[in-house]
Amino acid sequence: MHSVLIARVGETDLLVGRFLLMAPNMTKVTAVVGLWGWTAVSLAIGSLIMFYRCSSKDPGYIKRPGDSGFSVDTEDLLLKIDHNCSSEWTGNWSQLCPTCKIIRPVRAKHCPTCNRCVEQFDHHCPWISNCVGKRNKRDFFIFICMGTMTALISAVVSVQRIWIAIPSLQGEESWIHFVLVHYPGAVAFLAMDFIVCIVVTTLTIAQASQIARNITTNELANAIRYGYLRGPDGKFRNPYNHGFRKNCGDFLIKGYTDDEKIAWPPLQQVAS
């Protein structure tokens, strides 16, 4: 339902954007306004493409024993795991997933909606009807950045077009009444665009902050539950934070940040 809503919003941005640029009852657009307007239309098209990529892409599902196509005896799978030899095992019993019958990496979590374990699980996003994880987080970030720019540019262009189209009013008629009567579609678009802009901008800022610190939404929300997010003194400490430059560089270049090497060593002790 949420994914259909976001798709409809993107389609509406395209249709209304074209209407505001080519409306016959408004003044002719200048070159600058036209450039910004068609930039917003292009960003809306890009947002729809990224929306499709985010919703259809594997977010980082961890393979289960039965995913290979062979039938397995899932009843005793956890009992058959060699805890002493597993390279992913750090002695933390929360790494055992009774649903997927696997030992998952430290930062992987089980999504109850998708019913799968996801590497570097960030959150399950109702906007795209998919999890956000290791393999699609960069696509998701590009999607919300493009959505933010689309909403901001569309709002500015819409206000400019309406403002220029308003004639010199005579008498007691207010410009608000004039706009509501003559441009109801533009007003409805601005109201919807304002709500989307606030939501998407807030999400973009939050995601950018987390990327810069190499921490996920799930980890921030449940930090008190995860032993690996506490230092030897018991206070919150993120062992995967390698600094702003490396965190952002790894994310932008590779699409994810490495969690094999940690910034400080006692993860094994804290997780146990």
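Residues numbered from 1 in each chain as written. Predicted model: local features only at pLDDT ≥ 70, side-chain atom pairs only at ≥ 80, totals over all residues. Heavy atoms only, no water.

Trainee: I keep staring at the overall build of the chain and nothing clicks. Help me out?
Mentor: Looking only at helices and strands, one finds nine helices and six strands in the chain. Within the chain, the proportion of its 272 residues that are buried is 44%. Taking as baseline every contact in the chain between residues at least 6 positions apart, the subset at least 24 positions apart corresponds to 60%. Carbon and sulfur atoms make up 63% of the accessible area of the chain, which totals about 15300 Å². (Helix = DSSP H or I, 4+ residues; strand = E, 2+ residues; numbered from the N terminus. Buried < 20%, exposed > 50% of the residue type's maximum accessible area, 1.4 Å probe, protein only. Contact = heavy atoms within 4.5 Å. Areas by Shrake-Rupley, 256 points an atom, 1.4 Å probe, with all protein chains shown as cover.)

Trainee: Got a minute to help me understand the UniProt feature "transmembrane region" (unreviewed entry) in the chain in this structure?
Mentor: Taking the numbering used here, the UniProt-annotated feature "transmembrane region" (unreviewed entry) corresponds to residues 35-54, 140-166 and 186-206. Between the end C-alpha atoms of residues 35-54 the distance is 28 Å, and the span holds 100% helix and 0% strand. In the segment residues 186-206, helix accounts for 100% and strand for 0%; the C-alpha atoms at its two ends are 30 Å apart. (UniProt positions renumbered as here; feature names shortened; annotations may be inferred.)

Trainee: Looking at this model, I keep getting lost on unusual backbone geometry. Mind explaining?
Mentor: Both trends apply: most residues other than glycine have a negative phi, and most peptide bonds are in trans. Within the chain, K101 stands out as a residue other than glycine whose phi angle is a positive 60 degrees. When you line up the elements, K101 lands in the loop between β1 (96-97) and β2 (102-103). Judged by its relative accessible area of 24%, K101 falls in the partly exposed class. A positive phi angle is found at N115, which is not glycine, with a value near 60 degrees. With respect to the helices and strands, the residue N115 is situated in the loop between β3 (109-111) and β4 (116-118).

Trainee: Hey, could you run me through the packing of aromatic side chains in this one?
Mentor: For any pair of aromatic rings, the description rests on two quantities: the centre-to-centre distance and the angle between the ring planes. All told, the structure shown has five aromatic pairs when counted by the stated rule. A connected cluster of aromatic rings, assembled from ring pairs, spans F51, F140 and F143. Over the face of the ring belonging to Y240 we find R107, whose NZ or CZ atom lies 4.4 Å from the ring centre. (Phe/Tyr/Trp six-rings, centres within 6.5 Å; stacked < 30°, edge-to-face > 60°. Lys NZ or Arg CZ within 6 Å of the ring centre and 35° of its normal.)

Trainee: For this particular structure, what's the right way to read the environment of W163?
Mentor: Mapped onto the secondary structure, W163 falls in helix α4 (residues 137-165). Judged by its relative accessible area of 58%, W163 is exposed. Along the backbone, W163 and W175 are twelve residues apart, and their C-alpha atoms lie at a distance of 9.2 Å.

Trainee: I would appreciate a short explanation of the pattern of salt bridges in the present structure.
Mentor: When their charged atoms lie close together, side chains carrying opposite charge are able to pair. As enumerated under the stated definition, the model contains seven salt bridges in all. In this structure, E219 engages R107 in a salt bridge whose closest nitrogen and oxygen atoms are separated by 2.9 Å. Of this pair, E219 sits in helix α7 (residues 217-221) while R107 sits in the loop between β2 and β3, placing them 112 residues apart in sequence. With respect to burial, E219 and R107 carry one shared label: buried. It is possible to trace a salt-bridge network through shared partners that takes in R53, K57 and D139. (Salt bridge = Lys/Arg side-chain N within 4 Å of Asp/Glu carboxyl O.)

Trainee: Can you walk me through the side chain of T150 in this structure?
Mentor: Its location among the elements puts T150 in helix α4. According to the relative accessible area criterion, T150 is buried, its value standing at 2%. Side-chain polar atoms of T150 contact the backbone oxygen of M146, separated by 2.7 Å. (Polar contact = N/O pair within 3.5 Å; in protein donor to acceptor, adjacent residues only side chain to side chain.)

Trainee: Quick question: what am I supposed to make of the environment of S158 here?
Mentor: Its location among the elements puts S158 in helix α4. Separated by 31 residues in the primary sequence, S158 and F189 place their C-alpha atoms 8.8 Å from one another.

Trainee: I'm lost on the side chain of N136 in this one. Help?
Mentor: Note that N136 resides in the loop between β6 (130-132) and α4. Among all residues touching N136, those that are not within four sequence positions of it are C54, K57, D58, P59, I128, N130 and C131.

Trainee: Before we go on, may I ask you to explain the nonpolar core in this structure?
Mentor: Most often, soluble globular proteins keep nonpolar side chains buried together rather than apart. C125, W127, I128, F140, F143 and I144 are the most contacted members of the largest nonpolar core, which has 20 residues in total. Those elements that provide at least two residues to this core are α2 (31-56), α4 and α6 (184-213). Here the element with the most residues in this core is α4; it accounts for seven residues. (Core = buried A, V, L, I, M, F, W, Y, C linked by side-chain atoms within 4.5 Å.)

Trainee: How should I be thinking about α6 in this particular structure?
Mentor: What sets the pattern is the α-helix's 3.6 residues per turn: residues three or four places apart point alike. Between the first and last C-alpha of α6 there are 44 Å, a value that for 30 residues agrees with the 44 Å anticipated at 1.5 Å per step. Where α6 ends, the next residue or the one after it, N214, has phi of about 55 degrees, a positive value. (Expected span 1.5 Å × (residues − 1).)

Trainee: Sorry if this is basic, but what is going on with the confidence of the model for the chain here?
Mentor: Close inspection of predicted coordinates is inappropriate for parts of the model with low pLDDT. With 72% of its residues at a pLDDT of 70 or more, the chain shows a mean pLDDT of 79. Confidence drops under a pLDDT of 50 for residues 1-8, and excluding neighbours within four residues, the segment shows twelve contacts in the predicted structure. In the predicted structure, residues 267-272 sits below a pLDDT of 50 and forms 13 contacts with residues beyond four places in sequence or in another chain. (pLDDT = per-residue confidence, 0-100.)

Trainee: Explain a nonpolar patch on the surface to me, please; I cannot follow it from the model alone.
Mentor: A contiguous nonpolar patch, built from W163, I164, W175, I176, L180 and V181 and spanning about 660 Å² of accessible area, is present on the exposed surface. Listing elements by their share of the nonpolar patch, those giving two or more residues are α4 and α5 (175-182). It is α5 that contributes the most residues to the nonpolar patch, four residues altogether. Within the secondary structure, I176 is located in helix α5. (Patch = residues over 30% accessible without salt bridge, like charges linked within 9 Å, V, L, I, M, F, W, Y side chains within 5 Å.)

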